[in-house]
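This is what each chain is made of:
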Amino acid sequence: MKSYFNLLHETWIPVIDNKGRYLSISLEEAVRRAHEIKRISAEYPIVTGALYLLIIGFASSIYHLESLNDWERLHQQGQFPLETLKVYCSQWNDRFFLFGSEHPFYQDPKIGQREKDINNLGANKTPEPKGITGLLLHLASGSNATLFDHSFDDEEKEFTPDEAARFLIMLQAYSLGGMSEASIGKDKYYKDAPFSRGITFLSRGETLFETITRNLIPKELDYLQNDHNDLPCWEKEDPFDRTALMPTGIRDLLTWQSRRIFLIPEELNGKTIVRKCLSAPGLGLPETFSNPFYMNEHEMDGTKSKIKPMRFQMNRVIWRDSGAILDPERELRDKAISKSFAETLLAEEILLENNIRLSLFGMCTEPGQKKAYSYQEQEFNAPSEYIKYPSLAGKLKQALNFAESMRKALYYATYELASYKIRPDQDINDTIKPDKNDVNALVDHLQQEGRFWSALEIPFYELLMTLPSNSEAVGIWQEVLVRTAKESLTTAAELAGDDYAGLKARAKAENKLGTEIFRILYPDGKEK
C-alpha cells in the first residue's frame, strides 16, 4: 500500500489561534506555531484531551529536558526552536503516515500475522474488517451509551482522513475496556485505555506553547521513568513487541497503544474515506499502575492497595473536590504530575503568576462497564497562595465540609416534605408511615439538591478567590449556604402544592431544616 496523508504536514488538528480564529493545522505546525495558537478545540472533549496528550508527547520527544534549568531556558524563548523541530521531523517523517503498510501512525499493520493472531484465527482465516463506529463511544453501538447522535451498528459512517486521525488518537487514550467485537473472534477482551476512567489534569497556559511546556516534565522530576529507553511509539520498530508491562516513562505513557487498529481507506467519488478497520486488543496496563496525570487515592482491599483516581461523577460538580485538588498533604505519587510541576515552578519562582490554572479531561463512566454518560472538559483556577500557604487548603476543606453538612440538612428536610406530602397524618397515626421507596422517588423528582449545588457555583468561586485575602470569606460563605438551603426547600415546597398535605408537609420540612441548621451552626447546642 502506498503511504499517504502524513500527519506532520496535513491539516487535521482543530485549534483556535490568538486572534480567535478557528483553524486546522498539522502536527508540525502545532509545535512550530504553538506561540500563535490559543488552544486545541476538537469536536468532543476527550478528542481535545487526547490531542493534547499526543502533542505533549511529540514535543517531549523533540526537546529532551533534563532539568529545571533546561525547562526555564526553553520557556524563556517564548516559542519552540525551529531547527530542532525540523531535524526531528525529517528523521521520523516516514512514521507519521496515516495510511501505509509498514509503519502507519498509531496502528498495527501486523494484525493477523502475529503468532497469537494466527493461533486465534485458525487455518486459512484472516481478520474480519469492522466498522469504525463500533469503536466510538459517542455513537450508539452495542451496549454503549448514545451521547451525541443516533447512528446504529448497521450504519457504516464515513470518516474523512482528518476525522479518522483524530478518533484514532482518541481511541488509544480514552477507550473503555470490556468485551467487544474484534477482527479476531477469539481475541475480543479489551482493557481500559490509560486515560479512560479518571480525570486527566493538565497545566494550562495562555497559549498552546505555554500549555505544552507546562506539561513537559524534566527528566529529574519524572518519577515514572524507570528505563533509559523511554520512547514514543513511533520511534519503536514495533510498539507491540515489548516485555515491560508498565510504561517506561512519560513519552511511553502518552503514546501508549491500548488498541491494535489498522485503518482501511477507500476511494469514493475521488476522495479518501474510512469506514472500516481491523481491530484487536492492544497493550493492557496492570491494575497496580498509577497514572501520574491522575489524582489518586489508595484504599486497602484486604491485603492489597487499590488505586482510586478522582473521577467525573454524574450530578457532582468538580468544584466540590477543590479541597482534594489543592490538598498540599498528598504524597507526590498521588498528585497529578502536571499540577505538581506547576507547584514547583511557582515555588521556585520560575513562574511569577497569581493563579494556578488546570484543564481537566475525562468521561463520566459506569464503573466496570463499557458505558459512558458524558464527556468532560473543565477548567480549574485557584490563587497561587493555596500553593504557598498550605493552611489555606485546610480552610477551604472546612468550608466545603460545611457545604456538605448543609446538603445533608436540606436532604433531611426534603425527605420530611415528601414523607408528609404522601402521608400527611403520619404524626397522628404512626401506622400509616409512607413507603420509603415512594418517599425517595418524590425526593428525586423535586430535584432540590441539583438546584442547591447550581446556585452555589458562583459563590464558591468567589470564596475560592477571596479566601486568601478576606478573613470574612468563610462567614459570608456560611450565610450563602443557609440562604441557599432555605431557598431550595422553598422551591421544592411550592412544587408540593398548597393543599392540606402540601401545606402541612411544608411546615414540617421548614421546622426540620431549621433544626438541622442550628445543629450545624451551633454543634455545642448553644447559640452564640
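Residues numbered from 1 in each chain as written. Predicted model: local features only at pLDDT ≥ 70, side-chain atom pairs only at ≥ 80, totals over all residues. Heavy atoms only, no water.

Our next topic: the overall build of the protein. Across its full length, the protein holds 16 helices and 15 strands. By its C-alpha atoms, the protein is 85 × 55 × 50 Å across when sized along the principal axes. For the protein, buried positions account for 54% of its 528 residues. Side-chain charges in the protein split into 64 positive and 78 negative, and the spacing between the mean points of these groups amounts to 2 Å. (Helix = DSSP H or I, 4+ residues; strand = E, 2+ residues; numbered from the N terminus. Buried < 20%, exposed > 50% of the residue type's maximum accessible area, 1.4 Å probe, protein only. Lys, Arg positive; Asp, Glu negative; His and termini not counted. Charge placed at Lys NZ, Arg CZ, Asp CG, Glu CD.)

Read across the sheet, three strands follow the order β3-β2-β4 without closing on themselves; strand pairing throughout is antiparallel. Bordering the open sheet on either side are β3 (22-25) and β4 (37-40), each of which pairs with just one other strand. Strand after strand, the sheet turns through a mean of 40° between neighbouring axes, direction not considered. Relative to β4, helix α2 (residues 45-62) is tilted by about 120°, and along the sheet it contacts β2 (13-17) and β4. (Pairing = 2+ DSSP bridges. Axes fitted to C-alpha atoms, helices over the stretch in contact; angles between N-to-C directions. Contact = heavy atoms within 4.5 Å.)

With that settled, consider the side chain of serine 61. Looking at where serine 61 falls in the secondary structure, it is placed in helix α2. Accessibility expressed as a relative area gives 3% for serine 61, which makes it buried.

A few words on the pairing of strand β15 (residues 372-383). Taken together, the eleven bridges between strand β14 (residues 355-365) and β15 define a ladder with antiparallel strand orientation. When the sheet's bridge partners are listed, isoleucine 356 is paired in β15 with alanine 382. Adjacent in sequence and paired antiparallel, β14 and β15 are bridged by six residues, among which glycine 368 carries a positive phi angle near 75°.

So, on to helix α13 (residues 436-446). Listing the buried residues of α13 in full gives Val439, Val443 and Leu446. Burial along α13 is one-sided: seen end-on, the buried residues are contained in an arc of 65°. The outward face of α13, more than 90 degrees from its buried face, is lined by the exposed residues Asn437, Asp444 and His445. Taken together, the buried residues of α13 touch α12 (391-422), α14 (448-466) and α15 (473-495). Its side-chain oxygen placed 2.8 Å from the backbone nitrogen of asparagine 437, aspartate 435 serves as the N-cap of α13. The first or second residue beyond α13 is glutamine 447, which carries a positive phi of 55°. (Arc of directions from axis to C-beta. Polar contact = N/O pair within 3.5 Å; in protein donor to acceptor, adjacent residues only side chain to side chain.)

Spatially, the three strands line up as an open sheet ordered β9-β14-β15, and their pairing is antiparallel. One side of each edge strand has no neighbouring strand; the edge strands of this open sheet are β9 (200-203) and β15. Neighbour to neighbour, the strand axes of the sheet diverge by 20° on average, direction disregarded. Both β9 and β14 contribute to a ladder of four bridges, which runs antiparallel.

Okay, the state of the cysteines next. Here, disulfide denotes a covalent bond that connects the sulfur atoms of two cysteines. Scanning the model with the defined rule gives zero disulfides in all. Not engaged in a disulfide, the cysteine cysteine 233 finds its nearest cysteine sulfur in cysteine 89; these two sulfurs lie 15 Å apart. Exposure remark for cysteine 233: the relative accessible area of 6% places this residue in the buried category. (Disulfide = S-S within 2.5 Å.)

This brings us to the nonpolar core. Formed by 144 residues in total, the largest nonpolar core has its most connected members in Trp12, Phe58, Phe80, Tyr174 and Leu263. Apart from the residues within four sequence positions on either side, tryptophan 12 is in contact with Phe5, Leu7, Ser24, Ile25, Ser26, Leu27, Leu51, Leu54, Asp162, Ala165, Arg166 and Ile169. Counting five residues, the second-largest nonpolar core is a separate cluster that includes Ile111, Leu121, Phe262 and Leu278. (Core = buried A, V, L, I, M, F, W, Y, C linked by side-chain atoms within 4.5 Å.)

At a minimum axis distance of 11 Å, the contact between α12 and α14 shows a crossing angle of 160°. In terms of their interaxial angle, α12 and α14 are classed as roughly antiparallel. α14 is crossed by α12, and the crossing has right-handed handedness. Across from Leu396, Ala399, Leu400, Ala403, Glu404, Met406, Arg407, Leu410, Tyr411 and Thr414 in α12, the residues of α14 making contact are Gln448, Glu449, Phe452, Trp453, Phe460, Leu463 and Leu464. For the contact of α12 with α14, the class distribution of residues is twelve nonpolar, two polar and three charged. (Parallel < 35°, antiparallel > 145°, perpendicular 65-115°, else oblique. Left-handed = near helix turned anticlockwise from the far one by under 90°. Nonpolar A, V, L, I, M, F, W, Y, C, P; charged D, E, K, R; others polar.)

With the rule as written, the count across this model stands at 40 salt bridges. Between arginine 275 and glutamate 266 there is a salt bridge, and its shortest N-O distance comes to 2.6 Å. Residue class for arginine 275 comes out partly exposed when judged on its relative accessible area of 23%. One continuous salt-bridge network, built from bridges that share partners, spans Asp108, Lys110, Arg114, Lys116, Asp117, Asp187, Asp238 and Arg260. (Salt bridge = Lys/Arg side-chain N within 4 Å of Asp/Glu carboxyl O.)

Quick look at the confidence of the model for the protein now. Summary statistics for the protein give a mean pLDDT of 90 and a share of 95% for residues scoring 70 or more. In this model residues 138-153 is a low-confidence stretch, pLDDT under 50, and it forms 35 contacts with partners more than four residues away in sequence or in other chains. (pLDDT = per-residue confidence, 0-100.)

The next thing to look at is the environment of glycine 185. Topologically, glycine 185 is positioned in the loop between β7 (178-179) and β8 (189-190). Residues glycine 185 and tyrosine 373, 188 residues apart in the sequence, show an inter-C-alpha distance of 28 Å.

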